Amino acid sequence: MRLLFLGDMVGKTGRTAVWEKLPGLISDLKLDFVIVNGENAAGGFGITEDIFLETINAGADVVTTGNHVWDQKEAVSFCQRHDQFLRPANYPAGTPGRGSNLYFARNGARVLVANVMGRVFMHPELDDPFKAAESILAACPLKEQADAIIFDFHAEATSEKQCFGHFVDGRASFVVGTHTHVPTADADPQWRHGLYVGCRHVRRLRLVARHGKGRTSQPLHLQDAQGPLLRPPRGLQPSAASASKFPIAPDWPRTSRR
Ligand SMILES: [Fe+2]
Ligand SMILES: [Fe+2]
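Definitions and limits used
Residues numbered from 1 in each chain as written. Chains lettered and ligands numbered in written order. Predicted model: local features only at pLDDT ≥ 70, side-chain atom pairs only at ≥ 80, totals over all residues. Helix = DSSP H or I, 4+ residues; strand = E, 2+ residues; numbered from the N terminus. Buried ≥ 20, exposed ≤ 12 C-beta atoms within 10 Å, placed from the backbone. Contact = placed C-beta atoms within 7 Å. Core = buried A, V, L, I, M, F, W, Y, C linked by C-beta atoms within 7 Å. pLDDT = per-residue confidence, 0-100. Pairing = 2+ DSSP bridges. Axes fitted to C-alpha atoms, helices over the stretch in contact; angles between N-to-C directions. Right-handed = clockwise from strand over helix to strand, strands pointing away.

Caption draft 1: Inspection of the overall build of the protein at higher detail. Along its length, the protein carries 8 helices and 8 strands. Split into buried and exposed, the 258 residues of the protein put 38% on the buried side. In the protein, once contacts between residues fewer than 6 apart in sequence are set aside, the share between residues at least 24 apart is 61%.

Caption draft 2: Looking closely at the nonpolar core. Grouped together as the largest cluster of nonpolar side chains are 51 residues, with contacts concentrated most on Ala133 and Phe151. For this core, the element with the most residues is strand β5 (residues 110-117), which contributes 6 residues. Here alanine 133 is in contact with Ala114, Val116, Phe151, Phe167 and Val168, once residues within four sequence places are set aside.

Caption draft 3: Up close: the confidence of the model for the protein. Of the residues in the protein, 71% have a pLDDT of 70 or more, and the chain-wide mean is 83. Segment residues 199-208 is flagged for pLDDT under 50; beyond a separation of four residues in sequence, or across chains, it makes 22 contacts in the model. Here residues 250-258 is a poorly scored stretch, pLDDT under 50, and it has 5 contacts once near neighbours within four places are set aside; other chains count.

Caption draft 4: Region of interest: the sheet that holds strand β1 (residues 3-6). Across the sheet, 3 strands lie side by side as β1-β2-β3; this open sheet has parallel pairing. Of all the strands in the sheet, just β1 and β3 (62-64) have a single pairing partner and so form its edges. Strand-to-strand, the axes of this sheet are offset by a mean angle of 15 degrees, without reference to chain direction. Pairing of strand β2 (residues 33-37) with β3, which is carried by 3 bridges, proceeds in the parallel orientation. Within β3, the residue paired with valine 36 across the bridge is valine 63.

Caption draft 5: Inspection of the pairing of strand β4 (residues 100-104) at higher detail. Examined bridge by bridge, β4 and β5 share 5 bridges and lie antiparallel to one another. For phenylalanine 104, the partnering residue across the bridge sits in β5 and is arginine 110. Counting the residues between successive antiparallel strands, the hairpin from β4 to β5 contains 5 residues, one of them, glycine 108, with a positive phi of roughly 90 degrees.

Caption draft 6: How the structure looks around the pairing of β1. As defined by bridge partners, β1 adjoins β2 across 4 bridges and the pair is classed as parallel. In the sheet register, leucine 4 faces β2, and the bridge partner there is valine 34. Considered for its hand, the β-α-β crossover made up of β1, helix α1 (residues 11-28) and β2 is right-handed.

Caption draft 7: Representation of the environment of asparagine 40 in the model. Assignment of secondary structure puts asparagine 40 in the loop between β2 and α2 (49-57). Along the backbone, asparagine 40 and arginine 15 are 25 residues apart, and their C-alpha atoms lie at a distance of 9.5 Å. When near neighbours in sequence (up to four residues on either side) are disregarded, asparagine 40 contacts Asp8, Val10, Gly11, Phe45 and His68.

Quick look at the structure:
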């Protein structure tokens, strides 16, 4: 399946570019599915129904949002009329609209799209995004009820995005980070299944995501690293003392990707 994710689409410049270029991209690249994050499409704050509909007319299959979803007051009502409009799934129960939905791509694939918002440095602070994702995945497991599962994880901190990527690793097809308007775009090919795009690779965060504060809100007492030193700082060789304490893995520098 050929997927295009665009975001955030910001203001007149962003939406004009998307509306002009998207139809051609869909045909030239033979795209099966297109997602656009449009939380700041209306003058940089929120999104109107007209802008949402124009984006859908240009070829988007889903428009996701984030913390600015309600900046244009009409969003509170029009979000309930359109299945292709998503707001973060971890807004409190009773919030208008929906946070995830199952769609059919142009190639017939069943695509679950979920919009989830982080809590680190974010306002408003919503319900637990990890718990929300767990519910979404339980209701529509990959390969059983969906051929692809895509998360728009709308958050500020790259560490929280990385945690989330590890948390759903193996259970989702693609996690992409939005909100910051500055793409780090450093895809992580070490993700076991699917693709993660959003921030730098930090191996330890896999442990934090599975056992730590991100899930339980409890303090996590980290221990010193154990095992071989996989990636010395670029241009540096470890001293004899540190080399004996943290021996370089035999496959280094093959693991040095940057
Ligand atoms: Fe944004
Ligand atoms: Fe945002």
